[in-house]
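# Commentary on secondary and tertiary structure
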Amino acid sequence: VQLQASGGGLVQAGGSLRLSCAASGRSFSSYAMGWFRQAPGKEREFVAAITWSGDSTYYAESVKGRFTISRDNAKNTVYLQMNSLKPEDTAVYSCAADVFIATLRGGDYDGIDYWGKGTQVTVSS
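In what follows, the accompanying structure is described. (Residues numbered from 1 in each chain as written. Predicted model: local features only at pLDDT ≥ 70, side-chain atom pairs only at ≥ 80, totals over all residues. Heavy atoms only, no water.)

## Quick look at the pattern of salt bridges
Applying the stated criterion across every chain yields a total of four salt bridges. In this structure, the salt-bridge partner of Glu61 is Lys64, at a minimum N-O distance of 2.7 Å. Given a relative accessible area of 64%, Glu61 falls into the exposed group. We note a salt bridge from Asp89 to Arg66, for which the minimum N-O separation is 2.7 Å. Placement of Asp89 in the loop between strand E8 (77-82) and strand E9 (91-98) and of Arg66 in the loop between strand E6 (57-59) and strand E7 (67-72) is noted, with a sequence separation of 23 residues between them. Side by side, Asp89 and Arg66 carry an identical accessibility label, which is buried. (Salt bridge = Lys/Arg side-chain N within 4 Å of Asp/Glu carboxyl O. Buried < 20%, exposed > 50% of the residue type's maximum accessible area, 1.4 Å probe, protein only. Helix = DSSP H or I, 4+ residues; strand = E, 2+ residues; numbered from the N terminus.)

Encoded structure:
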């Protein structure tokens, strides 16, 4: 599975962005998907994840209520709708895929099956 994130940009605090992650390969619907971010000088952190069916979603506390993860298996795409953005949301956002959603949520980033290149999100104050 190859992943490509897009949709980043510069937005003012309080604004919104929607990130997309397009996947290639026939087995996209077999994978749980996640979004992660890394700010300059900080460690990579989990943002959100969604099961292969889309029935369950999980969020970091810092984004709960503001971000929404969703997927369209017919389009091989996962989305991250980001509302009420804050300057501290500034980071490079990357998408990832793994057979097990527990792996996406577990913090063992080296164990995740597939990573995509990131997209920069910058929130100005």
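What follows picks up the thread again.
## Observations concerning the side chain of Arg66
Taking the relative accessible area as the measure of exposure, Arg66 reaches 11% and is therefore buried. Reaching out from Arg66, the side chain makes a polar contact with the backbone oxygen of Ser62 at a distance of 2.9 Å. Setting aside residues up to four positions removed in sequence, Arg66 forms contacts with Gln81, Met82, Asn83, Ser84, Leu85, Lys86 and Asp89. (Polar contact = N/O pair within 3.5 Å; in protein donor to acceptor, adjacent residues only side chain to side chain. Contact = heavy atoms within 4.5 Å.)

## Points about unusual backbone geometry
For Asn76, which is not glycine, the phi dihedral falls at a positive 50 degrees. Tracing the backbone shows Asn76 in the loop between E7 and E8. With phi around 50 degrees, Ser84 is a residue other than glycine that occupies positive phi space. Tracing the backbone shows Ser84 in the loop between E8 and E9.

## Here we look at the state of the cysteines
Counted according to the given criterion, the structure contains one disulfide. There is a disulfide in this structure between Cys21 and Cys95, and the S-S distance comes to 2.0 Å. Taking the torsion about the S-S bond as the criterion, the Cys21 to Cys95 disulfide, at about 65 degrees, is right-handed. Taken together, the positions of Cys21 in strand E3 (residues 17-24) and Cys95 in strand E9 put the pair 74 residues apart, joining distant regions of the chain. (Disulfide = S-S within 2.5 Å.)

## Overview of the environment of Leu19
Mapped onto the secondary structure, Leu19 falls in strand E3. The spatial distance from the C-alpha of Leu19 to the C-alpha of Gly9 is 9.6 Å, given a sequence separation of ten residues. With residues near it in sequence (within four places) discarded, Leu19 still touches Ser6, Gly7, Gly8, Trp35, Val78, Tyr79, Leu80, Met82, Tyr93, Thr119 and Val121.

## Some thoughts on the environment of Thr57
Here Thr57 shows up in strand E6. For the pair Thr57 and Ala32, spaced 25 residues apart in sequence, the C-alpha separation works out to 9.9 Å. Setting aside its immediate chain neighbours within four residues, Thr57 contacts Ala49, Ile50 and Ile69.

Fair warning: the whole summary comes from geometry, so function is off the table for now.
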